[in-house]
Amino acid sequence: AEVCTCSACRPRVLVASHPVASHPVRPPLFQVAMSERLLDVLECVEAVAGEALAARTEAQAHFTGVGPPDLCYVLKGYEPTLGLGLRSTLKGYWHSVVGLDASSAAAISAYLSELSQRQEPGAWLSAGEWRIVGGTYCAWDAFAQRDVRVEVKIPGGVTAYSVDCHGARAPTTEEQWRQLGVCAILRALCSPPADEALQLLPSPLTIEREAEFLEDVLAIAQLGVDIGGAFTDAALASMSPAEPPAAGAAVAGGGGEVGVLCSLMWAYFAQSHRFRQAADFFAQVVPLHPACAALLARARRACGESTLALDELCYALDKHPDNVPLLRAQADLSLELRLYAEGLALSSAAVQLAPRDVQVWLVLARAYLLNGAPELALLALNAAPVHVRTRSREAALELFPCAGMATPERLTNGDAYVGPQFSQKPNSNMVAVEADAVIRSAGEASVALTGVAALLPDEFVLPAELLGNNETQAYAVLVEAVSEVGWEALLACRDKVFAAQGEGSAEGGREGSSGSAAIAGANVLPGGDARAEHAAAALSPAEDEVSLRASEGEAEGEQTALPPGQRAVAGGKRVCRLWLQRLFEAMHADLQALSDWQQEDDELEEEQKMTREADTEPIEREGPDFREWLSRARLAKRLQQADATVEAYERCVAAVDSAVEEHGNCGTPLDEMPPELNDFHVAASLALLEIYVDDKDAIGLALGLCHSLIDISCTPDLPPTGERPRAPDKASLPQEVTAALYRLVATHGLKAVRAATKGRAHRAVGEVFAEVTAWRVSGYDC
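Residues numbered from 1 in each chain as written. Predicted model: local features only at pLDDT ≥ 70, side-chain atom pairs only at ≥ 80, totals over all residues. Heavy atoms only, no water.

Considerations on the overall build of the protein chain
When helices and strands are counted, the protein chain shows 24 helices and 13 strands. Counting every position in the protein chain, which comprises 782 residues, the buried fraction comes to 47%. Long-range contacts, defined here as pairs at least 24 residues apart, represent 69% of the contacts in the protein chain between residues at least 6 apart. With an accessible surface of roughly 37700 Å², the protein chain has 53% of that area assigned to carbon and sulfur atoms. (Helix = DSSP H or I, 4+ residues; strand = E, 2+ residues; numbered from the N terminus. Buried < 20%, exposed > 50% of the residue type's maximum accessible area, 1.4 Å probe, protein only. Contact = heavy atoms within 4.5 Å. Areas by Shrake-Rupley, 256 points an atom, 1.4 Å probe, with all protein chains shown as cover.)

Remarks on the pairing of strand 4 (residues 128–141)
Look at any regular strand and the pattern is simple: side chains alternate between the two faces of the sheet. With respect to burial, strand 4 is a largely interior element, 11 of its 14 residues being buried. In this structure, strand 4 lies alongside strand 5 (residues 146–153), joined through eight bridges in antiparallel fashion. When the sheet's bridge partners are listed, Ala139 is paired in strand 5 with Val148. Between strand 4 and strand 5, which follow one another and run antiparallel, lie four residues, and Gln145 among them has a positive phi close to 60°. (Pairing = 2+ DSSP bridges.)

Quick notes on the confidence of the model for the protein chain
Overall, the predicted model of the protein chain reaches an average pLDDT of 77, with 72% of residues at or above 70. Low confidence marks residues 1–34, where pLDDT is under 50. Its contacts with residues over four positions away, or in another chain, come to 42 contacts. Here residues 504–566 is a poorly scored stretch, pLDDT under 50, and it has 138 contacts once near neighbours within four places are set aside; other chains count. (pLDDT = per-residue confidence, 0-100.)

Here's the deal with the nonpolar core
One finds Met265 and Phe282 to be the most contacted residues of the largest nonpolar core, which totals 165 residues. Considering each element in turn, this core owes the most residues, 11 residues, to helix 12 (residues 358–370). Not counting residues up to four positions away in its chain, the partners in contact with Phe282 are Cys262, Met265, Trp266, Phe269, Cys292, Leu295 and Leu296. Counting 24 residues, the second-largest nonpolar core is a separate cluster that includes Cys72, Val74, Tyr111 and Val148. (Core = buried A, V, L, I, M, F, W, Y, C linked by side-chain atoms within 4.5 Å.)

A few points about a negative patch on the surface
A contiguous patch of negative charge, built from Asp602, Glu603, Glu605, Glu606 and Glu613, is present on the exposed surface. Looking at the secondary structure, you find Glu603 in helix 17 (residues 578–614). (Patch = residues over 30% accessible without salt bridge, like charges linked within 9 Å, V, L, I, M, F, W, Y side chains within 5 Å. Salt bridge = Lys/Arg side-chain N within 4 Å of Asp/Glu carboxyl O. Lys, Arg positive; Asp, Glu negative; His and termini not counted. Charge placed at Lys NZ, Arg CZ, Asp CG, Glu CD.)

Focus on the environment of Cys262
Here Cys262 shows up in helix 6 (residues 260–271). Each residue touching Cys262, except ones within four places of it in the same chain, is listed here: Phe282, Val285, His289, Cys292 and Leu295.

Quick notes on the packing of aromatic side chains
Applying the stated criterion to the full structure yields 12 aromatic pairs. Note on Phe269 and Phe282: the rings are 6.5 Å apart at their centroids and 70° apart in plane angle, and the pair reads as edge-to-face. Here Phe269 is found in helix 6, whereas its partner Phe282 is found in helix 7 (residues 275–285), with 13 residues between them in sequence. For the residue pair Phe269 and Phe282, the accessibility class agrees, reading buried in each case. Taking 6.3 Å as the distance between ring centres and 45° as the angle between the ring planes, the aromatic pair formed by Trp487 and Phe584 counts as tilted. Taken together, the positions of Trp487 in helix 15 (residues 487–497) and Phe584 in helix 17 put the pair 97 residues apart, joining distant regions of the chain. Judged by its relative accessible area of 17%, Trp487 is buried. (Phe/Tyr/Trp six-rings, centres within 6.5 Å; stacked < 30°, edge-to-face > 60°.)

A few points about the pattern of salt bridges
When the charged atoms of two side chains with opposite charge come close together, those side chains can pair. Counting across every chain of the model gives 30 salt bridges. Put simply, Arg149 and Asp147 hold a salt bridge, and the shortest N to O gap is 3.1 Å. Residues Arg149 and Asp147 agree in their burial class; the two are buried. As a salt-bridge pair, Arg632 and Glu628 come within 3.1 Å of each other at their nearest N and O atoms.

Things to note about the packing of helix 4 (residues 207–223) against helix 7
At a minimum axis distance of 10 Å, the contact between helix 4 and helix 7 shows a crossing angle of 25°. The angle between helix 4 and helix 7 places the two elements in the roughly parallel class. Judged by the sense of rotation from one axis to the other, the crossing of helix 4 with helix 7 is right-handed. Here Leu214, Val217 and Leu218 of helix 4 lie close against helix 7, whose contacting residues are Phe281, Gln284 and Val285. Looking at side-chain class alone, the contact of helix 4 with helix 7 contains five nonpolar, one polar and no charged residues. (Axes fitted to C-alpha atoms, helices over the stretch in contact; angles between N-to-C directions. Parallel < 35°, antiparallel > 145°, perpendicular 65-115°, else oblique. Left-handed = near helix turned anticlockwise from the far one by under 90°. Nonpolar A, V, L, I, M, F, W, Y, C, P; charged D, E, K, R; others polar.)

Observations concerning helix 14 (residues 469–485)
Structural remark: α-helix, 3.6 residues per turn; residues separated by three or four positions point the same way. Between its terminal C-alpha atoms helix 14 stretches 25 Å, which fits the 24 Å expected from 17 residues at 1.5 Å a residue. Regarding helix 14, the residues found buried are Asn470, Glu471, Ala474, Tyr475, Val477, Leu478, Val479, Glu480, Ala481 and Val482. The elements touched by buried residues of helix 14 are helix 12, helix 13 (374–383), helix 15, helix 17 and helix 18 (626–638). Positive phi appears at Gly486, one or two residues downstream of helix 14, with a value of about 95°. (Expected span 1.5 Å × (residues − 1).)

What about the side chain of Glu465?
In this fold, Glu465 is placed in the loop between strand 11 (445–449) and helix 14. Given the relative accessible area of 11%, Glu465 is considered buried. Here the side chain of Glu465 touches Arg634 through a polar contact of 2.9 Å, side chain to side chain. (Polar contact = N/O pair within 3.5 Å; in protein donor to acceptor, adjacent residues only side chain to side chain.)

As C-alpha cells, then:
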C-alpha cells in the first residue's frame, strides 16, 4: 500500500517519541474533523466554551512558586466552502506552553498569529474548514500574583490586561512586563510536567540575552519583592509606616531566609556549573539581600576560593549576626574545612535563633560528633524537629499544571485527555524509572516509593528505604557516627544518654516537639542575648527527674503530652524518640545485610580457593540477580561504602546484560523483553555515572556510560525514505547525560575530557562541548 506523508499522518512531537507505523493513504473524503488540528500542536477540546479561562481564574489563588505553564486558548469556527461567514458555533481549544518569550504583548500575539498559520486545511473536496478567529494567552506574573492575558482577534486588534483571582481586570505596566519576562524564563528553566497537551519551546534565554535577563532580575531584587508576592526583609525595613505592605503580603523566606527568586538563580548557575558567573551575580545581590551571602560563599567555594568564602561570610555576619542562613552556611563551611570548634559555636548560635529548623539541628549534631562528643550528637538528633513540615526549596524548581482545569471533551487527535503524571521525572527522555508509586508501611507511617525502588521486591526493601527526607538526612549523621566511633560504641553512647524502656514511668514527650528548655546564662551569641536558648542547655538533663513510662503503649507509639518546658528523664537520661529509635533499627538492619553480603563473598572466595588448590571444576551456583545487586548498591551507598557501591552497581549492569542475552538466546524479540530490564540498567548506569564523573581516573568510563545511555534513550526516527537514520543531537539528549558532561568539564577541564573521547564521541556530545565553551562553563579554558 502507498504510504501517506501528509501532515495529519506525521508523528506528533509531544505525543510519541517513537515513529508512527505506516498506514494506507488519505482517509475517506467525508471525514472533515482532521482539519480542526494544528500542525505539531496537540490541543484539548472544551466541552463548554470558555470553561478553561474560568477555571484558570478560579485556580489563581492556589498558584505557588513560579506558577503553572502558560495557557494558550483559541477559538475556532467552521467556515463552509460555499457561503459567506462562519456557519457553526465557535469552539474553544487550549494547550499549555513553556518557553515562550512573554516580555511583551507583541511577542505573545506573534505566537497566536503563527498558530493561525498552522491550522490544517480541510480534506480534499470537503464542505469547509476550521479557522482560528481569536484567542487569549495567559501567563502568570509570580511577583505581582496576577495573570497577564493578551487577547487577539483575527482580524482585529490586541488587548493586554492583568486579572486577579476574583476576575478583576487592571491595565498592564512596563514593570509588570519585565517581571513577566523573568517569570517566563524561570519557568523555562524548571522541570515541566509530563503533560501531553504541553508545547515545550526552546528557552528564550540565549547567550546574547543573558546580560539583559540578569539586569532585569537585579532590578526586581531592588524593588524588594520575591516570587509569591512576598517582601524581602530589606524592603520591609525601607518602607515607611505610611506605606505598609499590601494585605496578605508575606516576608520572603521569613527570618532572613534566601528567597525563591535567589534559590532559582542559584539553581540556574549551579546546574550549568558556572560558579564564576554566579559569584559575580550574587556579589551584586548581597547588599540587597544579605542572606544571599551564603550563596556567594558557595560559589566561591566551588571556584576553589575557600578563604575568600569564609571572609565573605564573616563580613556578612558582622553586619547581620542574627541571620540563620549565614550562620548555617558558615557552620557547614567550617566543618568542611576542619574548623570543628568554630563550626560548633556557629551551629549552636543558629539553633538558638531557629529552634524549629531541622537543618541547623543536624548541623549541630555533626559538629558535636566531629568535636568528639557522640553523646551530645545523639541528644541533638533527638531534639531535632524532624517531623515539622517545612517549605521545600526544591519544589520551586518544578512546574505543576494548573489545578482545577475542567476535563476536556477530548484531544484533537481523538484520544481522551490524560492528566500529567507527577510520579514521572519531568524534562527527561530516559526510558526508565517511570514506575507507579508503591505504598509500603514504615512503622506508623506509609511511604510511597517511586522509580526503581518501587520495582524492588519486598524482600529487597530494607527499612532505611522507607525513611522520609528529614529522617534520611538524620540517618546520614548516624552513618557518620558509626564510621567515627563504631556500632558498638554508638550503642553504648545511646544507652548512656537515653533511658531504656522499663526504667520508670511517667509523662513522655510529644513526638515532634522542639525539645529545648531555657536555662539562664547559657548563650554563645555576642552580647549575651537573653531571648535565645543555647543548644547545650537544650541538651542538658533537667534538674527534676521524671520517671519514664514503662507501659506497653510506648511500644505501640502511644504518647502523653508533657507540660511546656518539662522533660521526661530518669536518672539524668532522656527519652529516645520513636523516629530516632526507628533509625537505630534501620541502621541495625543495614549493617546486618552488609555483614551477610560480606560473609557470602568470603565463603565464595574460600570456595574458589579450595577449588583451585584441588584442581577441580568450580561448582556452579546461582548468584544474586540484578534486583538484589541494585538493592545491595543502594545499601552500600547509604552506609558510605564507596568501593562496595561501585562493585554492586557494576554487577547490576552486568546481570541485566546477562538477562538480555539469555532472553535473546531464547528467541525473544527486543521489544518483547521485560521492561524492568531497561529500567534497572538505566538506574544502575546513572548511579555509576554520578560516581565516575568525580574520579579523574574514570573519565573514559563516564564517557562510555554517557554513550551507552544515549544509545538507549535517543532512538532515531525512521527516515521517510531509504536514508540512514539521523544521529541524535543535543536537543534529544537526556538531561542526566547533559548534566554529567557539564560536571565532567567543570571537574576535570575540557581538554582532559576531550582527550578521553579519543575522537569517537557522539555528535550530540560534541555539541555539548561547543555549548560548554560558548557559555563559559567552569573548566572550559583548561
